[in-house]
Amino acid sequence: MKIKKLCSLKKDDVKAYAKKIVKIVSKPKFICEKCARVAKDEKHLCHGVPLKKL
């Protein structure tokens, strides 16, 4: 099953996808401007910007 954007995950989603989430957030390169979540790839965030820009 494909995981939703991190920004829209609910508490139950986090429990269900914990192992996938750990892989997505390990060594982050992007941060969401809206909710401050981080991820390896921008595709997992709704308003992702490169951490290097900040």
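(A) Local environment of the environment of proline 28. Relative to the elements of secondary structure, proline 28 occurs in the loop between helix H2 (18–25) and strand E1 (30–32). With a relative accessible area of 33%, proline 28 lands in the partly exposed category. Taking C-alpha positions, proline 28 is 11 Å from leucine 45, a pair spaced 17 residues apart along the chain. Leaving out residues up to four positions away in the same chain, proline 28 has contacts with Val38, Ala39, Lys40 and Leu51.

(B) Just the sheet that holds strand E2 (residues 38–39), in detail. Spatially, three strands are ordered E2-E1-E3 in an open sheet, and the strand pairing comes out antiparallel. Every other strand in the sheet has two partners, leaving E2 and strand E3 (48–50) as the edge strands with one partner each. Two elements, E1 and E3, share three bridges in a ladder whose sense is antiparallel. Pairing of phenylalanine 30 across the sheet is with proline 50, part of E3.

Quick notes on the rules
- Residues numbered from 1 in each chain as written.
- Predicted model: local features only at pLDDT ≥ 70, side-chain atom pairs only at ≥ 80, totals over all residues.
- Heavy atoms only, no water.
- Helix = DSSP H or I, 4+ residues; strand = E, 2+ residues; numbered from the N terminus.
- Buried < 20%, exposed > 50% of the residue type's maximum accessible area, 1.4 Å probe, protein only.
- Contact = heavy atoms within 4.5 Å.
- Pairing = 2+ DSSP bridges.

Functional significance is not addressed by these values, which are geometric in nature.
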